[in-house]
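Descriptive analysis of the structure
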Amino acid sequence: DAGVTQSPTHLIKTRGQQVTLRCSPISGHKSVSWYQQVLGQGPQFIFQYYEKEERGRGNFPDRFSARQFPNYSSELNVNALLLGDSALYLCASSLLGGRPWTGELFFGEGSRLTVL
Amino acid sequence: QQQVKQSPQSLIVQKGGISIINCAYENTAFDYFPWYQQFPGKGPALLIAIRPDVSEKKEGRFTISFNKSAKQFSLHIMDSQPGDSATYFCAASQLLIQGAQKLVFGQGTRLTINP
């Protein structure tokens, strides 16, 4: 069975540009979460979507936005890129979005964004 | 704001030894504590998890010890093997107002097992 798939795996952008990252959850999973992992640190929560609705947002500026499609895939958009946005962006899927919390988040391998 | 503190940052253990990684938290609303293992170039993978009504959970060579009053929990890897060399993250789960479940991660521990 396919796990969480993310694209692209690597990309390079310049400051001020915009980027779109894509995620396909595990088949049957209805929730997608996005995390940012800066080199040498733990992942930080950006968004969670469940049943195509935003269910939670982390402490990130409005330059970050996301959406979930009817097939439960998701896109993360970042506008007006800054050098500090360079990171590994992880998508995770889970069966449910909240309570009852089954606990397990399945992470993809991430999209590594470099902003020059 | 770092809500989950993890130590040590790096750890070197001999093959067959016990690896111990510690985490501490402040927010008493956390209600689920997973540990993730991450290899270079890969996403984190769930290793083992515990709920605060349990003081210890063991799965194979991996054990979580949980101290609710001290707000601390730790991962013990028994009989550590070179294949265990990876970065380990503790995390704590928080329910958000909108109903989302958010994981707050520690800073990570880079574990190296020497053969």
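Heads up: these notes are all about the structure in this document. In every chain, residue numbers begin from 1 and rise along the written sequence. Key to labels: chains lettered from A, ligands numbered from 1, both in the order written. Confidence filtering applies because this is a predicted model: local features only for residues at pLDDT of at least 70, side-chain atom pairs given and counted only at 80 or more, and all residues used for totals across whole chains, interfaces and linings. Note: side-chain values were computed over all heavy atoms of the structure, leaving out hydrogens and water.

Side note on the overall build of chain B
A helix here means a DSSP run of H or I that spans at least four residues, while a strand means a run of E at least two residues long, and both kinds are numbered starting from the N terminus. Regarding its fold elements, chain B presents zero helices and 11 strands. Each helix (α) and strand (β) of chain B, taken in turn from the N terminus, gives the series β-β-β-β-β-β-β-β-β-β-β. We compute the radius of gyration from the C-alpha atoms alone; for a globule the expected value is 2.2 Å times N to the 0.38, where N is the number of residues. For chain B, the C-alpha radius of gyration of 14 Å lies close to 13 Å, the compact-globule estimate for 115 residues. Its C-alpha atoms give chain B principal-axis dimensions of about 45 × 30 × 20 Å. Only protein chains enter the area calculation, which uses a 1.4 Å probe; residues under 20% of their type maximum are buried, those over 50% are exposed, and those in between are partly exposed. By residue count, 48% of the 115 residues in chain B fall in the buried class. Surface accessibility follows the Shrake-Rupley procedure with a 1.4 Å probe radius. Residue values consider only the protein chains on display as shielding. Carbon and sulfur atoms make up 50% of the accessible area of chain B, which amounts to about 5600 Å² in all.

Notes on the state of the cysteines
In plain terms, two cysteine sulfur atoms within 2.5 Å form what is called a disulfide here. For the structure shown, the criterion picks out two disulfides over all chains. The residue that forms a disulfide with C23 of chain A is C91 of chain A, at a sulfur-sulfur distance of 1.8 Å. Handedness of the C23 of chain A-C91 of chain A disulfide follows from its S-S torsion of about -65°: it is left-handed. Note that C23 of chain A is positioned in strand 3 (residues 19-24) and C91 of chain A in strand 9 (residues 87-94), a separation of 68 residues in sequence. You can call C23 of chain A buried: its relative accessible area is 3%. Put simply, C23 of chain B and C90 of chain B are joined by a disulfide, and their sulfur atoms are 1.9 Å apart. Measuring handedness by torsion sign, the sulfur bridge of C23 of chain B and C90 of chain B sits at about -95° and is left-handed. On the criterion of sequence distance, the pair formed by C23 of chain B in strand 3 (residues 19-25) and C90 of chain B in strand 9 (residues 86-95) is long-range, its members being 67 residues apart.

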